[in-house]
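As a plain string of letters, each chain reads:
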Amino acid sequence: MTEVGKMHIIGAQLAEKLKAEMLVEAPGVNTVSFDSIVACDMMSDLLSMMNHGGGDSGVSALLTGLTNKQVVRTAEMVDIKLIVFANGKRPLAETIELAERCGISLASTEYTMFRSCGILFECGMKDVGGSN
Amino acid sequence: MSGGSDSEEKIRMQLPIRGGDFSKAGEASSKIKNILKQLGVSPAVIKRVAIACFESEINIVAYANKGQFSVDITTGEIRVLAKDEGPGIECVEMAMMEGFSTAPPELREMGFGAGMGLPNIKKAVDWMKIESQVGVGTELEFKILFGGGENG
């Protein structure tokens with residue numbers, strides 16, 4: 001059954017929509033297809049939002065303003081494959097190093113979190129857990 | 001998996017966790033996650049294990065002097081005992097409430113300390129037990145079934 005309105009895009013397309021610069025391009029980021037976005041600065045919230053009983057097969061990208069390496073560690077735990085830093089923020093060197101080791105891609109966009117979310121919502125990306 | 005006297009195959013390991021060292025926080029959970037991946041456990045179950053382990057590990061790093069994970073993996077489940085030497089939890093009932101937090105500002109700056117740790121662990125696991133003694137430490141034990149379980 002085809003899910004109406006469900007959008008899948010690869011990492012490069014997602015970055016292009018946000019005019020984001022790819023900082024770490026992990027192998028597979030342009031073959032895996034993203035279908036949901038989680039936007040937050042609290043890693044506790046991220047863990048909570050991704051903890052919805054499993055069963056989902058989609059891949060999520062994270063939009064955040066937090067740039068420390070714990071963002072990558074948390075993303076690793078919940079299988080997030082792409083992190084986009086909003087407001088033109090750049091990750092710390094140790095964050096980049098851990099992302100490379102974990103196979104997680106990093107990008108930075110000049111857009112604000114609000115605008116980034118709006119763009120991705122408009123193009124059909126859904127919330128984690130399924131709603132849009 | 002290494003054999004044992006039990007009929008079920010078992011992996012047993014101890015993973016030390018250093019209190020206060022955020023540069024290493026998550027390494028023990030990452031190891032467990034990778035072992036389960038190699039064992040072919042389903043991604044949805046691995047995510048639940050990773051969330052429960054990571055929340056426990058962050059709690060130990062943030063609050064305790066030191067701690068460790070004692071992990072038992074059989075063909076059907078994983079059991080983790082997260083034991084620490086630290087200040088303990090004054091009121092476990094309060095700590096289990098979403099949003100209740102005693103986190104210091106530095107922890108919040110790293111994106112943690114929203115008071116979701118223990119409630120989040122409870123949501124991810126099939127069984128958990130927590131015992132804490134103020135001034136001594138905390139023992140958190142949980143189990144996740146590979147067959148899906150009630151939270152899977």
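Below is a summary of the structure that appears in this document. Note that the structure is predicted; figures quoted are calculated from it, not measured. Per chain, the residues get numbers from 1 upward, laid out in the order the sequence is written. By the order in which they are written, chains take letters starting at A while ligands take numbers starting at 1. Given that the model is predicted, a residue must reach a pLDDT of at least 70 before its local features are reported, and side-chain atom pairs must reach 80 or more before they are shown or counted; all residues, however, enter totals for whole chains, interfaces and linings. Only hydrogens and water are set aside when side-chain values are computed; all heavy atoms of the structure are taken into account.

## Some points on the packing of helix α3 (residues 69-77) of chain A against helix α1 (residues 27-38) of chain B
At step 1: Between α3(A) and α1(B), whose axes approach to 10 Å, the crossing angle comes to 25 degrees. Relative to α1(B), α3(A) is oriented roughly parallel. Along this stretch, α3(A) crosses α1(B), giving a crossing that reads as left-handed. Along the contact surface, α3(A) presents A:Arg73, A:Glu76 and A:Met77, while α1(B) presents B:Glu27, B:Ser29, B:Ser30 and B:Lys33.
At step 2: Its residues assigned to classes, the contact of α3(A) with α1(B) comprises one nonpolar, two polar and four charged. Orientation is described by axes fitted as lines to C-alpha atoms, over the contacting stretch for helices, and by angles from 0 to 180 degrees between their N-to-C directions. The numbering of helices and of strands both runs from the N terminus, where a helix is a DSSP run of H or I of at least 4 residues and a strand a run of E of at least 2. Roughly parallel here means an angle under 35 degrees, roughly antiparallel means over 145, roughly perpendicular means 65 to 115, and every remaining angle is called oblique. Note on convention: the crossing is left-handed when the near helix lies turned anticlockwise from the far helix by less than a right angle, right-handed when the turn is clockwise. Contacts are assigned to residue pairs with any non-hydrogen atoms lying within 4.5 Å of each other. Each residue is assigned to one class: nonpolar for Ala, Val, Leu, Ile, Met, Phe, Trp, Tyr, Cys and Pro, charged for Asp, Glu, Lys and Arg, and polar for all the others, Gly among them.

## Let's talk about the pairing of strand β1 (residues 11-18) of chain B
Residues and elements named next belong to chain B.
At step 1: When a residue's accessible area, from a 1.4 Å probe over protein chains only, is under 20% of the maximum for its type it is buried; when over 50% it is exposed; and in between it is partly exposed. Alternating residues of β1 divide into Ile11, Met13, Leu15 and Ile17, all buried, and Arg12, Gln14, Pro16 and Arg18, none buried.
At step 2: Where β1 lies against strand β2 (residues 66-73), eight bridges are found, and the strand directions are antiparallel. Directly across from Leu15, in β2, lies its bridge partner Phe69. In short, DSSP must find at least two bridges between two strands for them to pair.

## Things to note about the side chain of A:Ser108
All names here are of chain A.
At step 1: Among the structural elements, Ser108 can be located in strand β5 (residues 105-108).
At step 2: Definition of a polar contact: a pair of N or O atoms within 3.5 Å, with one able to donate and the other able to accept a hydrogen when the atoms are protein atoms, and with sequence-neighbouring residues admitted only if both atoms are side-chain atoms. Within polar-contact distance, the side chain of Ser108 engages the backbone oxygen of Lys89 at 2.8 Å.
At step 3: Discounting chain neighbours no more than four positions away, the residues touching Ser108 are Lys19, Ala20, Glu21, Leu23, Phe85, Gly88, Lys89 and Arg90.

## A look at the pairing of strand β3 (residues 59-64) of chain A
Residue and element names in this part refer to chain A.
At step 1: In terms of burial, β3 is largely enclosed, as six of its six residues are buried.
At step 2: Alternating positions in β3 separate into two faces, Val59, Ala61 and Leu63 on one and Ser60, Leu62 and Thr64 on the other, with burial throughout.
At step 3: Summarising the sheet, strand β2 (residues 34-39) and β3 pair through five bridges and their orientation is parallel. Bridging from a neighbouring strand, Ile37 pairs with Ala61 of β3.
At step 4: Relative to strand β4 (residues 82-85), β3 runs parallel, the two being bridged by four bridges. Across the sheet, residue Leu62 finds its bridge partner in β4, namely Ile83.
At step 5: A crossover gets the label right-handed when its path from the first strand over the helix to the second runs clockwise, viewed with the strands pointing away from the viewer. In the classification by handedness, the crossover that spans β3, the intervening α3 and the parallel β4 is right-handed.

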